[in-house]
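One-letter residues, chain by chain:
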Amino acid sequence: MSGFYQAGFSESLGPNILLTQSDSYLNKRVIGTTGHYDLVFPYPMFAGRNFSAIGQDIRSLSQSDAVSMTIRSDAFFEKTVSQTEAVWDWFRPFKTHHITNLSKSWRDTAARNAKRYEVRARRTFTFSEVLNPAFYASDLRRLNSIILNRKRGTNTSIIAETILRQQLGLSGARLFRASDSNGIQGLAFFMVTEKRAYAYMIGATDEARSNNVIYGLYGYALDSFQDAMDYVDFGGVPGTSDDQSHPIAQFKQLWTNETAQSFICGKVFRPDVYKNLSKAHPTSHVNFFPAYTDQ
């Protein structure tokens with residue numbers, strides 16, 4: 001097991017619940033001080049190997065004390081996930097994911113500007129893949145926080161270093177580094193599993209960003225994946241939006257040649273408790289599942 005599937009074993013993300021039919025895991029999440037719990041996907045997405053059987057797992061979970069179940073689906077399984085819509089109480093498109101199909105050279109389809117800036121970055125920085133990704137958890141968290149703090153109107157929460165180090169220690173973790181005479185200037189974290197790579201987290205200093213370091217990191221990563229992976233999923237826009245005019249969506253479009261849809265899927269097991277929690281602890285997100293917070 002590797003990559004996001006293996007992340008189901010991450011105890012720091014919460015106790016694991018095995019879903020035997022879909023061959024996957026959920027995390028048991030305590031809902032504040034309410035005495036209740038729900039089941040959620042390990043961040044950043046649910047990675048089941050047999051999603052078509054999720055209905056059987058839901059029937060088994062209906063006998064549990066869980067208030068609800070929430071997953072964010074893997075965009076690579078858009079068609080299979082769509083076929084399960086009837087088993088959910090909540091089923092909504094979530095993100096348009098930007099994907100590079102590596103059946104041909106990524107340079108054949110990438111935008112001219114992306115390739116030009118990537119070449120400039122190669123002249124400024126030295127790029128490499130690190131052998132021990134977990135060692136760089138603190139650096140990645142620090143550099144990622146620089147990017148998050150520049151955002152406006154999005155969720156700027158920063159993952160805990162202990163959890164990030166654990167995820168970087170998984171067998172599917174791949175971490176790419178950009179450096180110069182002053183040290184590390186950028187890091188890009190990908191997770192790989194079964195011939196697919198997922199862009200997970202990126203970080204860079206402000207000066208390095210101005211010198212196109214992210215172009216260089218993406219280009220170097222794609223070169224590394226070219227002959228080993230079939231696809232690279234660069235994800236969607238930040239937060240809960242799916243606005244394809246967002247600058248980050250436009251940036252990802254420079255590198256990618258396909259799109260796929262992820263979904264938020266929700267199931268309520270205890271309707272009365274769910275209703276009461278939603279009234280007492282409503283989420284700040286409009287039209288989202290679950291309708292309560294975990295605080």
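Quantities reported herein were computed from a predicted structural model and do not represent experimental measurements. (Residues numbered from 1 in each chain as written. Predicted model: local features only at pLDDT ≥ 70, side-chain atom pairs only at ≥ 80, totals over all residues. Heavy atoms only, no water.)

Engineer: What is the right way to look at unusual backbone geometry in this model?
Structural biologist: For residues other than glycine, phi is negative in most cases, and the peptide bonds are mostly trans. Along the chain, Phe-289 connects to Pro-290 via a cis peptide bond; the corresponding omega equals -5°. Structurally, Pro-290 is set in the segment after helix H10 (271-280). The backbone of Glu-194 sits at a positive phi, close to 50°, despite the residue not being glycine. (Helix = DSSP H or I, 4+ residues; strand = E, 2+ residues; numbered from the N terminus.)

Engineer: Got a minute to help me understand the side chain of Thr-100 in this structure?
Structural biologist: Looking at where Thr-100 falls in the secondary structure, it is placed in strand S5 (residues 90-101). For Thr-100, a relative accessible area of 0% corresponds to the buried category. Side-chain polar atoms of Thr-100 contact the backbone oxygen of Trp-255, separated by 2.9 Å. Those residues in contact with Thr-100 that lie beyond four places of it in its chain are Trp-106, Leu-222, Asp-230, Tyr-231, Val-232, Phe-234, Trp-255, Thr-256 and Asn-257. (Buried < 20%, exposed > 50% of the residue type's maximum accessible area, 1.4 Å probe, protein only. Polar contact = N/O pair within 3.5 Å; in protein donor to acceptor, adjacent residues only side chain to side chain. Contact = heavy atoms within 4.5 Å.)

Engineer: Quick question: what am I supposed to make of helix H4 (residues 112-124) here?
Structural biologist: Given 3.6 residues per helical turn, the α-helix brings residues three or four places apart onto the same face. With 13 residues, H4 ought to run about 18 Å at 1.5 Å a step, and its terminal C-alpha atoms sit 19 Å apart, in line with that. Among all positions of H4, only Ala-114, Glu-118 and Ala-121 are buried. One side of H4 holds all its buried residues, which, seen down the axis, span an arc of 60°. Facing away from the buried surface of H4 by more than 90 degrees, the exposed residues are Arg-112 and Arg-123. (Expected span 1.5 Å × (residues − 1). Arc of directions from axis to C-beta.)

Engineer: Before we go on, may I ask you to explain the pattern of salt bridges in this structure?
Structural biologist: Pairing of side chains with opposite charge becomes possible as their charged atoms draw close. In the structure shown here, the tally under the stated rule is 12 salt bridges. Two residues, Glu-118 and Arg-107, come together in a salt bridge whose shortest N-O distance is 3.2 Å. Of the two residues, Glu-118 is situated in helix H4 and Arg-107 in the loop between S5 and H4; the sequence distance between them amounts to 11 residues. Owing to a relative accessible area of 2%, Glu-118 belongs among the buried residues under this scheme. A salt bridge links Arg-174 to Glu-129; the shortest N-O distance between them is 2.4 Å. (Salt bridge = Lys/Arg side-chain N within 4 Å of Asp/Glu carboxyl O.)

Engineer: Could you clarify how one ought to interpret the pairing of strand S9 (residues 196-204) in this entry?
Structural biologist: Looking down a regular strand, the side chains alternate between one sheet face and the other. Across the 9 residues that make up S9, a large majority, 8, are buried. Looking at chain direction, strand S8 (residues 183-193) and S9 are connected through 8 bridges and run antiparallel. Bridging from a neighbouring strand, Phe-190 pairs with Ala-199 of S9. Between S8 and S9, which pair antiparallel in sequence order, lie 2 residues; one of them, Glu-194, sits at a positive phi of approximately 50°. Of the strand pairs in this sheet, S9 and strand S10 (residues 231-233) are connected by 3 bridges, and their pairing is parallel. Paired with Arg-196 across the strands is Tyr-231, a residue of S10. (Pairing = 2+ DSSP bridges.)

Engineer: Would you explain the sheet that holds strand S2 (residues 24-30) in this entry?
Structural biologist: Strand pairing in a sheet relies on backbone hydrogen bonds. The paired strands run either parallel or antiparallel. Taken together, 11 strands build an open sheet; the order of strands is S1-S2-S3-S4-S11-S5-S10-S9-S8-S7-S6 and the sheet is mixed. On the outer flanks of this sheet lie strand S1 (16-19) and strand S6 (126-129), each paired with one strand and no other. In this sheet, adjacent strand axes meet at a mean angle of 25° when their direction is disregarded. Two strands pair when backbone bridges link them, and S5 and strand S11 (residues 258-268) are joined in this way by 9 bridges, in the antiparallel orientation. In the strand pairing of S11, His-98 is matched with Thr-259. (Axes fitted to C-alpha atoms, helices over the stretch in contact; angles between N-to-C directions.)

Engineer: It is not clear to me how H10 should be interpreted in this structure. Could you clarify?
Structural biologist: For H10, the full list of buried residues reads Val-273, Tyr-274, Leu-277 and Ser-278. Within H10, the buried residues cover an arc of 130° as seen down the axis, which keeps them to one side. Exposed residues on H10 whose side chains face more than 90 degrees from its buried face are Pro-271, Asp-272, Asn-276, Lys-279 and Ala-280. Close packing links the buried residues of H10 with strand S4 (68-72) and S11.

Engineer: I'm lost on the environment of Ile-264 in this one. Help?
Structural biologist: Here Ile-264 lies in strand S11. C-alpha separation for the pair Ile-264 and Arg-72, spaced 192 residues apart in sequence, amounts to 4.7 Å. Contact partners of Ile-264, with chain neighbours within four places excluded, come to Thr-70, Ile-71, Arg-72, Trp-90, Phe-91, Arg-92, Phe-94, Phe-288 and Phe-289.

Engineer: I keep staring at the environment of Asp-206 and nothing clicks. Help me out?
Structural biologist: Along the chain, Asp-206 falls in helix H7 (residues 206-210). The exposure class of Asp-206 is partly exposed, given its relative accessible area of 39%. Between the C-alpha atoms of Asp-206 and Ile-147, which are 59 residues apart in sequence, the distance is 8.0 Å. In contact with Asp-206, not counting residues within four places along its chain, are Ile-146 and Arg-150.

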